[in-house]
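Residue-level listing of the chains:
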Amino acid sequence: MEDTKKQKNYGQSVLLALLFALLSALVVSQVVARHQSESALTREQQEELQTYQSEVDALEAQIQSQKTEINRLESQYDMALQSLREGNKEFYELYKKYTDDLDAYRVKAGLTTVQGSGVIIRLDDSGLVEGSIIHDTYLVETVNVLREAGAQAISVNGQRVLPTTEILCLGPSIRINGTREFPPYHIYAIGDPEVLTRAYRDSSIYKTIVAQNLIYDVQTSSSVVINAYSGNYKSLITKLFP
Amino acid sequence: MKKNNPGVIIRNVAITLLCVVIGIVAAMQYRAIVSKEGSDQSTLNQIADLRATILNLNATLETVEMEKDELQDRLNRIEQSSHDELLKALQTELDNVKLFAGLTEVKGRGVYVQINVGTRTNTGSLQNRLLLLINELRASGAQAISINGKRIVAMSEIRVVDGNYISVHAEQLVAPYEIYAIGDPSDLLNGITMNGNGLVHQINDLTDTSCIWRAAEDIVIPACEESVINTDRLESK
């Protein structure tokens, strides 16, 4: 009887000891695993962040140096103009007329960066509904609605809309001015903000986008900046003969 | 009999301790997961923001570089060219810019598409297909496009009002709709026909609507009226 009781107590102690051992093993392994995975993840992300941050810094430095160069060239150009005016007033006037003309037509052609009041529309694939994505035709129709509402300049993801601009589905991306652009799509338009917004909200394409549970956002802005076409426009007039 | 057995007390204490420890470990684990999720999300947001910034900065750099090159060209010309050369270069550039903007009548080879509509043509479907047809011509390398003699430029809207007419530059154009595009004829034809499943077929398949298309030589596409391209809202940046 005593023996059996002792044996039972002994058995229970062994069980407890085992439980303790198991628990401590669990704790140690969890702490180790957590520490490892956390440091691996953050290290990877930190590296990614740092790579991007240094890329941003490098780009900003490049832009700044280009701007410094532009300032230098501008003052040089002003000096050249000045001496032209002093040397030959008549020719200077003629030159000025030609360059003013050229500058005005460059604006009409979409070859200069412009700003003005307008709208910024953001369209993105639905994160909720499988297969609910922004199709090229949605962008084509959106751009057409903005044109109809009197937009004077439009860009899609920074690509200036030109007479030759295509908006074409290319796998998960959309080709615009020969460049692949990925969602989200930011459509910038300069024009009367109220007219543009109303026209867009009343359009059938807007209703489609809402019904498809796509992500959309329409904002008016007093200062929309639309980039110049940055490609070589001369490659887009090779088949045209006056 | 059993109540003051030290073995039992020790076991009870041990079990209590075990429960407490398990509780603490579980709580720690939970907190760790919650805080890690939070930090992951903010890091991911930061990364996404930086990516967007990089795209913007790249675009800005391209335009700034272009601006610099132009200024350099202009400076070189004013410093090095004779007066005649200078004006001639400016005139050539002006001609090219106007050509690109669609402000010059142009000739070339390309394609011709004619769309005939009837009373039962669906307005919405025709609107969509017509926009996509013009888009497809552009994607296939069209450099100049006209509909019923109206030059289609960057800001030209195309609106199907009803079965009888469409509106371009707020002007009514009556059916049949005749589209000319200048570009490589076979590229343009391939683009709009897509081996029998192209936009011209889709338009042809619309109720009460027909479409014909062919390559064309000696196309003449008129200039866009200057008054159509408004820039009064555009300030230079």
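Residues numbered from 1 in each chain as written. Chains lettered and ligands numbered in written order. Predicted model: local features only at pLDDT ≥ 70, side-chain atom pairs only at ≥ 80, totals over all residues. Heavy atoms only, no water.

Enquirer: Just checking my understanding: could you explain the domain arrangement of chain B for this structure?
Expert: In terms of domains, chain B is made up of domain 1 (7-79) and domain 2 (105-225). Taking only C-alpha atoms, the centre of domain 1 of chain B and the centre of domain 2 of chain B are 49 Å apart. (Domains from an automatic or database assignment.)

Enquirer: So what exactly am I meant to see when it comes to a negative patch on the surface here?
Expert: Residue and element names in this part refer to chain B. Together, Glu-62, Glu-65, Asp-69 and Asp-73 line one region of the surface with negative charge. Among the secondary structure elements, Asp-73 is positioned in helix α1 (residues 6-80). Residue classification places Asp-73 among the partly exposed residues on the basis of a relative accessible area of 42%. (Patch = residues over 30% accessible without salt bridge, like charges linked within 9 Å, V, L, I, M, F, W, Y side chains within 5 Å. Areas by Shrake-Rupley, 256 points an atom, 1.4 Å probe, with all protein chains shown as cover. Salt bridge = Lys/Arg side-chain N within 4 Å of Asp/Glu carboxyl O. Lys, Arg positive; Asp, Glu negative; His and termini not counted. Charge placed at Lys NZ, Arg CZ, Asp CG, Glu CD. Helix = DSSP H or I, 4+ residues; strand = E, 2+ residues; numbered from the N terminus. Buried < 20%, exposed > 50% of the residue type's maximum accessible area, 1.4 Å probe, protein only.)

Enquirer: What should I look at first to understand the environment of A:Ile134 in this one?
Expert: Residues and elements named next belong to chain A. As for its position among the elements, Ile-134 is in the loop between β1 (114-124) and α3 (136-148). Among the residues examined, Ile-134 registers a relative accessible area of 5% and is labelled buried. As for Ile-134 and Ala-189, which are separated by 55 residues in sequence, their C-alpha atoms are 19 Å apart. With near-sequence residues (within four places) excluded, Ile-134 lies in contact with Leu-123, Asp-124, Asp-125, Leu-139, Ile-174, Tyr-185 and Leu-214. (Contact = heavy atoms within 4.5 Å.)

Enquirer: Would you take a moment to explain the sheet that holds strand β2 (residues 144-147) of chain B for this structure?
Expert: Strand pairs in the sheet, formed through backbone hydrogen bonds, run parallel or antiparallel to each other. All names here are of chain B. Read from one edge of the open sheet, 5 strands run β3-β2-β7-β1-β8, paired in antiparallel fashion. Among the strands making up the open sheet, the edge pair consists of β3 (150-151) and β8 (209-221). Judged from the 6 bridges that link them, strand β1 (residues 106-117) and strand β7 (residues 177-182) form a sheet pairing that is antiparallel. Bridging from a neighbouring strand, Ile-115 pairs with Tyr-177 of β7. (Pairing = 2+ DSSP bridges.)

Enquirer: Explain the interface of chain A and chain B here, please?
Expert: A common measure of how large an interface is: the accessible area buried when the components associate. Each side of the interface is counted separately: chain A has 92 residues, and chain B has 88 residues. Between chain A and chain B lies a buried interface of about 9,100 Å² when both sides are counted; carbon and sulfur atoms form 66% of it. If you look at where chain A meets chain B, you find 6 salt bridges. Residue A:Glu148 is joined to B:Arg159 by a salt bridge in which the shortest nitrogen-to-oxygen separation is 3.0 Å. Of the residues forming the side of chain A that touches chain B, the biggest block, 34 residues, is contributed by helix α1 (residues 2-87) of chain A. Classifying every residue of the side of chain A that touches chain B gives 46 nonpolar, 26 polar and 20 charged. (Buried area = accessible area lost by both parts, 1.4 Å probe. Nonpolar A, V, L, I, M, F, W, Y, C, P; charged D, E, K, R; others polar.)

Enquirer: Explain empty space enclosed by the protein here, please?
Expert: Take a probe with the size of a water molecule and roll it over the atoms, and the empty space left behind shows itself. Under the defined criterion, the tally for this structure stands at 3 cavities of 30 Å³ or more. Put simply, the largest cavity is a space of about 110 Å³. Every residue lining the largest cavity is counted, 13 residues in all, and those nearest its centre are A:Val140, A:Arg147, B:Leu131, B:Asn135 and B:Arg138. Broken down by secondary-structure element, the contributors of at least two residues to the lining of the largest cavity are α3 of chain A together with α3 (123-139) of chain B. (1 Å grid on protein atoms, 1.4 Å probe; cavity = no way out; pocket = protein on both sides within 12 Å on 5 of 7 lines; lining within 4 Å. Points joined across faces, edges and corners; volume = space filled by probe spheres on them.)

Enquirer: Would you explain unusual backbone geometry in this entry?
Expert: With the exception of glycine, most residues fall at negative phi, and the peptide bonds are largely trans. Looking along the chain, the bond that leaves A:Pro183 and enters A:Pro184 is cis, with omega of 0 degrees. Tracing the sequence through the fold places A:Pro184 in the loop between β6 (179-181) and β7 (185-190). Of the consecutive residues B:Ala175 and B:Pro176, the connecting peptide bond is found in the cis state with omega at 5 degrees. As for its placement among the helices and strands, B:Pro176 is situated in the loop between β6 (171-174) and β7. In this structure, B:Ala170 takes a positive phi of about 60 degrees despite not being glycine. Locating B:Ala170 in the fold gives a position in the loop between β5 (165-168) and β6. Look at B:Asp218: it is not a glycine, yet its phi comes out positive at around 50 degrees.

Enquirer: Would you mind going over the pattern of salt bridges with me for this structure?
Expert: Side-chain pairing between opposite charges can occur once the charged atoms of the two side chains come close. Scanning all chains against the criterion turns up 16 salt bridges over all chains. Residue A:Arg175 pairs with A:Glu166 through a salt bridge whose shortest N-O separation is 2.8 Å. The class of A:Arg175 is partly exposed, set by a relative accessible area of 23%. For A:Glu166, a relative accessible area of 4% puts it in the buried group. For B:Asp208, the salt bridge is made with B:Arg120, and the minimal N-O distance between the two is 4.0 Å. With a gap of 88 residues between them, B:Asp208 in the loop between α5 (199-204) and β8 and B:Arg120 in the loop between β1 and α3 connect regions that are remote in the sequence. In this structure B:Asp208 comes out as partly exposed when scored by relative accessible area, which is 30%. Here the residues in one salt-bridge network are A:Arg106, B:Glu70, B:Arg77 and B:Glu93, joined through shared partners.

Enquirer: What is the right way to read helix α4 (residues 193-202) of chain A from this model?
Expert: Every α-helical turn comprises 3.6 residues, leaving residues that sit three or four positions apart pointing alike. Residues and elements named next belong to chain A. Among all positions in α4, only Pro-193, Leu-196, Thr-197 and Tyr-200 are buried. The arc that holds the buried residues of α4, viewed along the axis, is 95 degrees, so those residues lie on one side. Projecting away from the buried face of α4 at angles above 90 degrees are the exposed residues Glu-194, Arg-198 and Asp-202. Turning to α4, the residues buried within the fold contact β1, α3, β7, α5 (204-211) and β8 (215-226). (Arc of directions from axis to C-beta.)

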